[in-house]
Amino acid sequence: MNRYVRIFFKSLKFNLVNQMQYKFNFLLMLPVNLVWTMEEVLIALILFTHADTMMGWSQYEFVLLLGTYFIVDSLFTSVLLPNLADLSENIRTGKLDFYILKPIDTQFLVFTHRIDVGLVFAFTVGVVVVAIALLHLQLQLPAWKWPLFMLLIINGALCFASLVFIIGSLAFKTVKVDFAGSIFLTFAQFCKKPFDIYPALVRKLLLYLVPLGFVSYVPAAFLLGKIGFLWLWSFVVTPLLLWLSRRVWNGLSASYEGASS
Amino acid sequence: MSKYLKALKLSSQASLAYNWNFFISTLIQILSLLITLFMWKAVFAAGGDIADYSYASMIVYIFVVNTVFELIGTNNTSARVSNDIRSGALGVWLLRPFPHFFSLLADVVGSKLPRLPALLVMNGAACFLFLYGHGAGALAEGGSRFDISAASVLMFLVFVLFSFLWNYLLDYLLGLVSFRADNPWILFYIKSHVTAVFCGLIIPLDLFPSWVRRILDWLPFKYYVYYPFQVLTGQTAWPEFLFNLVCFGMWLTAAALCTLVVWRTSIGRFAAAGG
């Protein structure tokens, strides 16, 4: 495990050096992350000028949900999404051979070799948005809720990652997975809204079939005391989904045939 | 002209090669529309109208503006121009007997044309089903607030054409930044996000706070989708339409001039090596 953590941070360092070569882009990363998050917050604030609550969610409760999502999303857009885009190209050209030959888990290498260092900015912006929302909400939270909230966020990130692994693995069958990026952007849209706004059937599907509910809705709703014991499911669903994604990856990657010369 | 028509035809044929990709993309787009509509349903849950919008008219608004936004999309023109410059592929284009700008334009138009009927049918059907799902009252009211006529449709089509040209010019201009910066993808990202919010794609511009509206009145964002919708639904008179058309024409001319100046001053710096 330590070896993988070391490799991840080494990869982060090399990516940092690489991305700092493009000074223009590098310097704009923080403003870009601000633009992206402010856009979402602005939409929420405008909507709440026309409604006091949205299915029981007040303005800053909604902002708290957004901040929670930004934290999880920093992992997705900075680590998983760029690598997902590379995967089908590597399968098509046979470059995946080089990953398979390395003395390290292929799935880990495939999904972490490219890291967008905007991760640090995006994560920080997410934490700041959550902090601002909590300041406005002035909640009196018991101490035990904080570590659980953080664990639920980690579970949310792992759930999202598992879904990426499962859809990414389809590249071994279809080669082209251009639509995967759009699918995840739609998933992201689901996660950025309180699940109470969806019809009951959609809500159930998003909690138990494609468990996007555990990405940001469950952690935020848990902190706000809006769900009963649903959050306990997060500790069941996350390992199950990780296990399933591993099985799908192993099953589908077995059909890979190197194409390089 | 015939060479551009050939390019347009080739692009149309190429785009039809990946039908399943198109249908999946359209389904995903409709799914994301539904998320926006669920959000509006929650906002309207308290009852009554918001400004001049009922829930049914908001459904129609969201479907129309999102369809227009799809129509005026330029298939990542910024990234394609940027890649051509950075990879040196532009060198090959410079040897060809037609300008890079018009070739890409023909390619973008060609890839959109065959998909146009399917896009209109699928989005129209989804809108109808969503209104129908909310009862006959919503279905009847969805269109009753709007005054659509042959003239308003014609004016709308003129604006959509201008919006497409504006979007293409702006994307092409942003791509040209690659002559000066190594990899300006961040600019493309900012442009797409800022545009999506301030063009009225998620929230109609008349529901923005008044101080934001005052700023937006001076900017061309409203011409992407919000103003064309106003035109289509008969909410603008001829003098106002002509005034906005002239304003938009001036924005278009300014963008075209900027593109020409940046191209002329940058092409001399371009160097491509290899074969």
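Computed from a predicted structure; not experimentally measured. (Residues numbered from 1 in each chain as written. Chains lettered and ligands numbered in written order. Predicted model: local features only at pLDDT ≥ 70, side-chain atom pairs only at ≥ 80, totals over all residues.)

### Concerning the overall build of chain B
Assigned secondary structure in chain B consists of 13 helices and 0 strands. For chain B, the N- to C-terminal ordering of α and β elements is α-α-α-α-α-α-α-α-α-α-α-α-α. In terms of C-alpha radius of gyration, chain B reaches 20 Å, essentially the compact-globule figure of 19 Å for 275 residues. Per-residue burial over chain B gives 31% buried out of 275 residues. Contacts spanning at least 24 positions in sequence make up 84% of the contacts within chain B whose residues lie at least 6 apart. (Helix = DSSP H or I, 4+ residues; strand = E, 2+ residues; numbered from the N terminus. Rg over C-alpha atoms; globule rule 2.2 N^0.38 Å. Buried ≥ 20, exposed ≤ 12 C-beta atoms within 10 Å, placed from the backbone. Contact = placed C-beta atoms within 7 Å.)

### Things to note about the interface of chain B and chain A
By convention, interface size is frequently given as the accessible area that disappears when the constituent parts associate. Contacts between the two partners involve 31 residues from chain B and, on the opposite side, 27 residues from chain A. The greatest single-element share of the side of chain B that touches chain A, amounting to 12 residues, is contributed by helix α2 (residues 19–44) of chain B.

### A short note on the confidence of the model for chain A
Residue-level pLDDT values for chain A average 86, and 97% of them are 70 or greater. Averaged pLDDT values over the elements of chain A bottom out at 76 in helix α8 (residues 171–174) of chain A and peak at 95 in helix α11 (residues 217–223) of chain A. (pLDDT = per-residue confidence, 0-100.)

### Let's talk about the packing of helix α7 (residues 145–169) of chain A against helix α12 (residues 230–253) of chain A
Residues and elements named next belong to chain A. Look at α7 against α12: their axes get within 8 Å of each other, and the N-to-C directions meet at 25 degrees. Judged on the interaxial angle alone, α12 and α7 are roughly parallel. Read as a crossing pair, α7 and α12 show a hand that is left-handed. When the residues that make up the contact of α7 with α12 are grouped by side-chain class, the tally is 14 nonpolar, 7 polar and no charged. (Axes fitted to C-alpha atoms, helices over the stretch in contact; angles between N-to-C directions. Parallel < 35°, antiparallel > 145°, perpendicular 65-115°, else oblique. Left-handed = near helix turned anticlockwise from the far one by under 90°. Nonpolar A, V, L, I, M, F, W, Y, C, P; charged D, E, K, R; others polar.)

### Description of the nonpolar core
Ranked by internal contacts, the top residues of the largest apolar core, which has 122 residues, are A:Val72, A:Phe160 and B:Ile59. In this structure, A:Val72 is in contact with A:Ile153, A:Gly156, A:Ala157, A:Phe160, A:Val215 and A:Ser216, ignoring residues within four places of it in sequence. (Core = buried A, V, L, I, M, F, W, Y, C linked by C-beta atoms within 7 Å.)

### Topic: helix α2 (residues 23–47) of chain A
Along an α-helix, residues three or four apart share an orientation, since each turn contains 3.6 residues. Residue and element names in this part refer to chain A. Across its 25 residues, α2 extends 37 Å between first and last C-alpha, which sits within 8% of the 36 Å expected from 1.5 Å per residue. Largest kink in α2: about 45 degrees, centred on Met 29, with the proline Pro 31 one to four residues after it. Here α2 has its buried residues at Asn 25, Leu 28, Asn 33, Thr 37, Ala 44 and Leu 47. (Expected span 1.5 Å × (residues − 1). Bend = angle between axes of the 7 residues up to and from the residue.)

### Regarding unusual backbone geometry
With a phi close to 50 degrees, A:Met55 is a non-glycine residue in the positive phi region. Of note, B:Asn75 is a non-glycine position whose phi angle comes to about 50 degrees, a positive value. Tracing the backbone through its elements, the reader meets B:Asn75 in the loop between α3 (55–71) and α4 (77–87).

### Re the packing of helix α3 (residues 59–93) of chain A against α7(A)
Helices that pack against each other are described as a pair by the angle of their axes relative to one another and the distance between those axes. All names here are of chain A. Where α3 meets α7, the closest approach of the two axes is 10 Å, and the angle between their N-to-C directions is 20 degrees. When the axes of α3 and α7 are compared, the pair comes out roughly parallel. Regarding α3 and α7, the two cross each other, and that crossing is right-handed. Contacts between α3 and α7 pair Thr 68, Ile 71, Val 72, Leu 75, Phe 76, Leu 80, Leu 84 and Leu 87 from the former with Ile 153, Gly 156, Ala 157, Phe 160, Ala 161, Val 164 and Gly 168 from the latter. Per-class residue counts for the contact of α3 with α7 are 12 nonpolar, 3 polar and no charged.

### Looking at the environment of A:Ile91
Take A:Ile91: it is sitting in helix α3. Along the primary structure A:Ile91 and A:Leu206 are separated by 115 residues, whereas in three dimensions their C-alpha atoms are 31 Å apart.

### Focus: the confidence of the model for chain B
Do not read the predicted coordinates in detail wherever pLDDT is low. Mean pLDDT for chain B: 86, with 92% of residues reaching 70 or above. As scored by the predictor, the complex reaches a pTM of 0.85 and an ipTM of 0.82.

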